[in-house]
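# Reading the structure
The lines below spell out each chain.
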Amino acid sequence: QFMIESVKYWINEYHIDGFRFDLMGVHDIETMNQIRKAVDAIDPTIFIYGEGWSAGSCAYPQEQLGMKANITKMPGIAAFSDEIRDALRGPFSDDTKGAWLADGSENVSLKYGIVGAITHPQVDMTKVNYSKKPWALEPTQMISYVSCHDDMCLVDRLKASIPHIKNDELIRLDLLAQTAVFTSQGVPFMLSGEELLRNKKGVHNSFESPDSINHLDWSHKTKYPQVFEYYKNLIALRKNHPAFRLGSADLVRKHLEFLDNPEGTVAYRLKNYAGRDDWQDIIVILNANRETVEVEIPKGNYTIVCCDGIINEQGIGTVKGDKVIVDPQSALILHN
């Protein structure tokens with residue numbers, strides 16, 4: 001009751017428009033659903049999400065707790081997807097171990113993240129990390145991210161998992177990681193300062209660290225203008241194109257189709273004016289390889305809007321036919 005009344009108070013008195021529950025897995029499903037119901041009575045657009053784990057055992061049985069695996073029992077509540085996070089940057093348990101960004105390895109967990117943790121005919125759940133069955137009813141129940149306030153931020157993790165990484169490669173992989181996050185059907189989440197190529201000097205959970213670790217270095221905005229510009233344009237691309245945020249599992253299954261992809265890449269098409277988008281078909285290709293790759297696409301006349309670290313919705317160039325070349329460690333997005 002105290003939790004419910006607190007949430008209502010914060011909404012009514014402070015106009016808070018979203019709530020994130022730390023270790024939501026230690027709360028019970030019934031309480032979380034009661035909170036959702038109380039919030040809906042005030043404003044159903046208020047967003048609720050949490051960490052779908054408990055960091056240890058609880059007195060309550062697992063099937064009654066607000067764990068990620070039980071999100072299907074909590075409609076209207078979302079959870080972080082450690083599947084897409086670790087598929088991109090490597091396992092939580094070992095900072096030095098990379099994953100798809102580092103070596104283009106296993107990409108099924110990344111595909112699972114792209115569809116928003118829902119059932120999809122082209123995602124083989126036997127190959128997904130952590131989850132052997134889809135845990136989201138709708139893509140809006142999955143938080144898509146690659147780093148947050150605790151654990152290493154993205155820049156630090158890339159440095160830890162790819163020894164002697166040079167700055168240009170670091171930037172390419174940083175942008176590629178966020179392109180996967182922001183074009184996924186889940187709800188994208190980013191840590192403040194990532195648009196400035198933020199680092200925390202390798203510190204994991206910096207809640208008790210000084211400003212020398214936690215401050216946002218605004219000089220990075222002019223030092224790395226391409227990074228700031230790319231993030232800004234990536235956010236705008238998602239906002240301007242409903243195909244990237246269909247919000248419905250049925251629509252995702254209907255419109256999102258993975259294409260045959262060479263090793264180290266993920267390629268998919270959002271087809272037939274998905275979400276009543278202005279663009280008929282959108283093709284997204286993510287290439288983690290250190291060299292260019294050729295990818296087969298449905299034959300057509302396309303406008304390129306994202307290529308080699310630049311996004312321009314008005315068009316960067318055009319391509320005709322059924323094959324495209326994708327630059328190393330970057331995303332290619334085109335539409336017809």
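The text that follows walks through the structure, step by step, so that each part is easy to find. (Residues numbered from 1 in each chain as written. Predicted model: local features only at pLDDT ≥ 70, side-chain atom pairs only at ≥ 80, totals over all residues. Heavy atoms only, no water.)

Scanning the protein for helices and strands turns up 11 helices and 12 strands. The C-alpha atoms of the protein give 20 Å as radius of gyration, which agrees with the globular expectation for 336 residues (20 Å, within 12%). Seen along its three principal axes, the alpha-carbon backbone of the protein occupies a region of about 60 × 45 × 40 Å. Considering only residue pairs separated by 6 or more positions, the protein has 67% of its internal contacts joining residues 24 or more positions apart. In the structure as shown, the protein presents an accessible area of about 15,300 Å², 52% of it carried by carbon and sulfur atoms. Taking the 35 positively charged and 45 negatively charged side chains of the protein as two groups, their mean positions are separated by 3 Å. (Helix = DSSP H or I, 4+ residues; strand = E, 2+ residues; numbered from the N terminus. Rg over C-alpha atoms; globule rule 2.2 N^0.38 Å. Contact = heavy atoms within 4.5 Å. Areas by Shrake-Rupley, 256 points an atom, 1.4 Å probe, with all protein chains shown as cover. Lys, Arg positive; Asp, Glu negative; His and termini not counted. Charge placed at Lys NZ, Arg CZ, Asp CG, Glu CD.)

Another point: helix α6 (residues 154-161). In terms of burial, α6 is largely enclosed, as six of its eight residues are buried. Along α6, the residues that are buried comprise L154, V155, D156, R157, L158 and S161. Looking at the buried residues of α6, the elements they touch are α3 (82-89), α4 (100-103), α7 (167-182) and α10 (225-240). (Buried < 20%, exposed > 50% of the residue type's maximum accessible area, 1.4 Å probe, protein only.)

Further remarks concern the packing of aromatic side chains. Throughout the structure, instances matching the rule amount to eight aromatic pairs. Geometrically, the ring pair formed by F258 and Y268 is edge-to-face, given 6.0 Å between the ring centres and 70 degrees between the ring planes. Residue F258 is located in strand β6 (residues 256-258), and its partner Y268 is located in strand β7 (residues 265-270); the two are separated by 10 residues in the primary sequence. Of the two residues, F258 and Y268, neither departs from the other in class, the shared state being buried. Across from the ring centre of F258, 5.3 Å away, lies the NZ or CZ of K111, which sits over that ring. Positioned above the aromatic ring of F228 is the side chain of K221, whose terminal nitrogen or guanidinium carbon lies 4.5 Å from the ring centre. (Phe/Tyr/Trp six-rings, centres within 6.5 Å; stacked < 30°, edge-to-face > 60°. Lys NZ or Arg CZ within 6 Å of the ring centre and 35° of its normal.)

Here we take up the side chain of R85. Tracing the sequence through the fold places R85 in helix α3. Polar contacts involving the side chain of R85 include one to the side chain of D86, which spans 2.6 Å. What R85 contacts, discounting residues up to four positions off in sequence, is G90, F92, Y145 and V146. (Polar contact = N/O pair within 3.5 Å; in protein donor to acceptor, adjacent residues only side chain to side chain.)

With that settled, consider a nonpolar patch on the surface. Together, Y9, W10, Y14 and I16 make up an exposed nonpolar region whose accessible area comes to about 440 Å². One can find W10 in helix α1 (residues 2-14). The class for W10 is partly exposed, based on a relative accessible area of 40%. (Patch = residues over 30% accessible without salt bridge, like charges linked within 9 Å, V, L, I, M, F, W, Y side chains within 5 Å. Salt bridge = Lys/Arg side-chain N within 4 Å of Asp/Glu carboxyl O.)

The subject of this paragraph is the packing of α6 against α7. The N-to-C vectors of α6 and α7 enclose an angle of 125 degrees; their axes lie 10 Å apart at closest approach. Considered as vectors, α6 and α7 are oriented oblique to each other. Between α6 and α7 the crossing geometry is right-handed. Between α6 and α7, the residues in contact are L154, V155, L158 and K159 and L170, L173, D174, A177 and Q178, respectively. Partitioning the contact of α6 with α7 into residue classes produces six nonpolar, one polar and two charged. (Axes fitted to C-alpha atoms, helices over the stretch in contact; angles between N-to-C directions. Parallel < 35°, antiparallel > 145°, perpendicular 65-115°, else oblique. Left-handed = near helix turned anticlockwise from the far one by under 90°. Nonpolar A, V, L, I, M, F, W, Y, C, P; charged D, E, K, R; others polar.)

This part takes up the sheet that holds strand β2 (residues 47-50). In a beta sheet, neighbouring strands pair by backbone hydrogen bonds and run either parallel or antiparallel. Pairing in this open sheet of five strands is parallel, and the strands run β1-β2-β3-β4-β5 from one edge to the other. In this open sheet, the two edge strands, each paired with only one partner strand, are β1 (18-21) and β5 (187-188). Bridge count between β1 and β2: four bridges; the pairing is parallel. By the bridge assignment, F21 is partnered in β2 with G50. (Pairing = 2+ DSSP bridges.)

Let's shift gears to the nonpolar core. Counting 79 residues, the largest nonpolar core has L88, W100 and L110 as its most contacted members. A total of nine residues in this core trace back to one element, the largest contributor, which is α7. What L110 contacts, discounting residues up to four positions off in sequence, is I84, A87, L88, W100, A180 and V266. (Core = buried A, V, L, I, M, F, W, Y, C linked by side-chain atoms within 4.5 Å.)

It is worth spelling out the environment of P225 at this point. Positionally, P225 belongs in helix α10. Distance from P225 to D95, taken between C-alpha atoms, is 28 Å for residues 130 residues apart in sequence.

With that settled, the discussion passes to α1. Its 13 residues give α1 an end-to-end C-alpha distance of 17 Å, which sits within 8% of 18 Å, the value for a rise of 1.5 Å per residue. Taken together, the buried positions of α1 are occupied by I4, S6, V7 and I11. An end-on view of α1 places all buried positions within 170 degrees of arc, on one side of the element. Exposed residues lying more than 90 degrees from the buried face of α1 are F2 and Y14. Buried residues along α1 sit against β1 and α2 (29-42). Looking one or two places after α1, you find H15, whose phi comes out positive at around 60 degrees. (Expected span 1.5 Å × (residues − 1). Arc of directions from axis to C-beta.)

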